[in-house]
Amino acid sequence: MSQHTSGLAIETSGLVKTFGETRAVDGVDLAVPAGTVYGVLGPNGAGKTTTVKMLATLLRPDGGEAHVFGHDVVREADEVRSRVSLTGQYASVDEDLTGAENLVLLGRLLGHHKKAARERAGQLLEAFGLTDAAAKQVKHYSGGMRRRIDIAASILNTPDLLFLDEPTTGLDPRSRNQVWDIVRAVVAQGTTVLLTTQYLDEADQLASRIAVIDQGKVIAEGTKGELKASVGAGSVHLRLRDPAQRPQAEEVLRLALEADVQLEPDPVALTARVGGGAANGQGAAEQAARALAELARTGVVVDNFSLGQPSLDEVFLALTGHDTRDAHDADDANDSKDEVAA
Amino acid sequence: MSTATTTETKDLAPVRADSLAALLVAGERPPRPSALSASLTFGWRAILKIKHVPEQLFDVTAFPIMMVLMYTYLFGGALAGSPKEYIQFLLPGILVMSVVMITMYTGVSVNTDIEKGVFDRFRSLPIWRPSVMVGYLLGDALRYTIASVVMLTVGMLLGYRPDGGVGGVLAGIALLVVFSFAFSWIWTMFGLMLRTEKSVMGVSMMVIFPLTFLSNVFVDPKTMPGWLQAFVNNSPVTHVASAVRGLMAGDWPAAEVAWSLGWAGLFIAVFGPITMRLYNRK
């Protein structure tokens, strides 16, 4: 990574990919600083994977430009390939081969001699806790093990840039935490990571900057703090004992939190955003506590209370005025989104 | 997230962050492998797949045995007086026909394999681009060799006696394997071009049946109508069958060998680049 001077691992401008009538990626601009984890957050079908595939030289862009460490992904594809690794949404290893065979195969393809490839494979299996499964075919691996062998394959040669495309989708919380630990270890050694995810939680845990993408467009971009400030730090979810008290509770919350209160389909449930607007994300818990005290003082009986991070749904609601489900529904969603994006 | 239980029975060993860090730092990048080395590595992958899924050898063992037995006894009496007489003529031809038919499976395997995630990884590696496909065909060349040995063995049991001896037989098999390797680029093309396994199979049948049957494998073309003779005498399968027949009989059919290799070169020159174009676009 010597020739580039901008300090950017990835730089795209107006990146476009169309499949037939669909504009899967519709003018994406990204600037990913080297040495960081950059989160790309969006629902299914938002264009995350297509973007990653273009950056990893697997798909040719239909418009715009993309540079990885200063190298054009189309004209200097080989330069790019020697610097990046990809862990796809589905295990990017050969399921018919064993874990060890997969790593030796890739080691050989990366130019290691037979002995060095075997050694490196053994060390990686050891570090990833897969020594016992080394001689098993990958198709018999659990979801967590597949992720591990997949990431192990990606760091056979320490890449300058690692693409992780939804690395924890479908994993249980425990395996997910372990993948996060691996990602942190990789980044600590100086590798840049581009992480796509559907979970705000995950982006929050790992990424320093986040781009929110919807229907092929970046609709928000910034540090975690900036993004949260625009969305609100979290939401208070309340369940009352008596549905008759809900209008009263709604009024109290509105005054205490100075925020919109949503009435849920469940007649005893309400949701309110806290720490939104000008608030910087701090003090959400205090605001919520004050609201609770206020409810108690006015005699509203609260059975259940929780303060959570905004979900992807809430992020989308805040940024686009529609939730993620609408994102798949046709064109009426398109209109409302375009206004916000503009 | 600290609620994860420690009582789970089939826990994975933990990831060792310290050794992971050491690995990440230690890794120096070796120079990229040569085109040959990368191709051979992919060939090794194909052999590993055969090792793990030996059932896939069914089409290079049972199918060729069936072909030899079926045609020897079906046509033998009528065409040459007896199966034993006929196999002397038939075996090299049926060998060529069966192996050329077996090449068809390449398209199906490429088609199903290319959809898998591992191809994304292969395609994002800084290696000689055609090496994935070449490796594929190298693995297939091994399959063709197995099929040839199986058929020769069955043929010998039925009374086939090659006058060319070991040398002639080996030369015949080598020519056939080289031709099949080249011919298979048609299938890699179809495997990448067509969307489903079924359509690959369908198109392959349409190509392979006329090409193999309309040849001199079963009978001398002299009795055929003129227009058919024109096709048959110029078919690549006829050239290969004549060349293999000659080599195994101890002759040196220079013209037929040259024609066979010429066709092989043509197949690679035409379908190789088309395959790679499709592969890069996939």
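The structure contained in this document is the topic of the report that follows. (Residues numbered from 1 in each chain as written. Chains lettered and ligands numbered in written order. Predicted model: local features only at pLDDT ≥ 70, side-chain atom pairs only at ≥ 80, totals over all residues.)

**With respect to the packing of helix H9 (residues 185-193) of chain B against helix H13 (residues 254-281) of chain B**
Packed helix pairs are specified by the crossing angle of their axes together with the interaxial distance, meaning the distance between the axes.
Residues and elements named next belong to chain B.
Alright, step 1. Packing of H9 against H13 leaves a shortest axis separation of 8 Å and a crossing angle of 25°. With respect to each other, H9 and H13 are oriented roughly parallel. Between H9 and H13 the crossing geometry is left-handed. Contacts between H9 and H13 involve Trp185, Ile186, Thr188, Met189, Leu192 and Met193 on the former and, on the latter, Phe267, Ile268, Phe271, Gly272, Ile274, Thr275, Leu278 and Tyr279.
Alright, step 2. Taken together, the residues that form the contact of H9 with H13 break down as eleven nonpolar, three polar and no charged. (Axes fitted to C-alpha atoms, helices over the stretch in contact; angles between N-to-C directions. Helix = DSSP H or I, 4+ residues; strand = E, 2+ residues; numbered from the N terminus. Parallel < 35°, antiparallel > 145°, perpendicular 65-115°, else oblique. Left-handed = near helix turned anticlockwise from the far one by under 90°. Contact = placed C-beta atoms within 7 Å. Nonpolar A, V, L, I, M, F, W, Y, C, P; charged D, E, K, R; others polar.)

**Considerations on the pairing of strand S1 (residues 8-19) of chain A**
All names here are of chain A.
Alright, step 1. As paired strands, S1 and strand S2 (residues 22-33) are joined by nine bridges and run antiparallel to one another. In the sheet register, threonine 18 faces S2, and the bridge partner there is arginine 23.
Alright, step 2. In this structure, the hairpin formed by S1 and S2 is closed by a connection of two residues, where glycine 20 is found at a positive phi of approximately 60°.
Alright, step 3. Where S1 meets strand S4 (residues 63-68), five bridges bridge the pair, whose relative direction is antiparallel. The residue of S4 that forms the bridge with serine 13 is glutamate 65. (Pairing = 2+ DSSP bridges.)

**Observations concerning the interface of chain A and chain B**
Alright, step 1. Each partner contributes residues to the interface: chain A has 46 residues there, and chain B has 36 residues.
Alright, step 2. For the side of chain A that touches chain B, the secondary-structure elements that each account for two or more residues are helix H2 (77-81), strand S6 (84-87), helix H3 (99-109), helix H4 (114-127), helix H5 (143-154) and helix H6 (173-188) of chain A.
Alright, step 3. At nine residues, the largest contribution of residues to the side of chain A that touches chain B is made by H6 of chain A.
Alright, step 4. Its residues assigned to classes, the side of chain A that touches chain B comprises 22 nonpolar, 15 polar and nine charged.

**Quick word on the sheet that holds strand S8 (residues 192-197) of chain A**
Residue and element names in this part refer to chain A.
Alright, step 1. On the basis of which strands lie adjacent, the open sheet formed by six strands has the order S6-S7-S8-S3-S9-S10 and mixed pairing. Edge strands, defined here as strands with exactly one partner in the open sheet, are S6 and strand S10 (217-223). Neighbour-to-neighbour, the strand axes of the sheet open up by a mean angle of 15°, direction not taken into account.
Alright, step 2. Pairing geometry for strand S7 (residues 161-165) and S8, over five bridges, is parallel.

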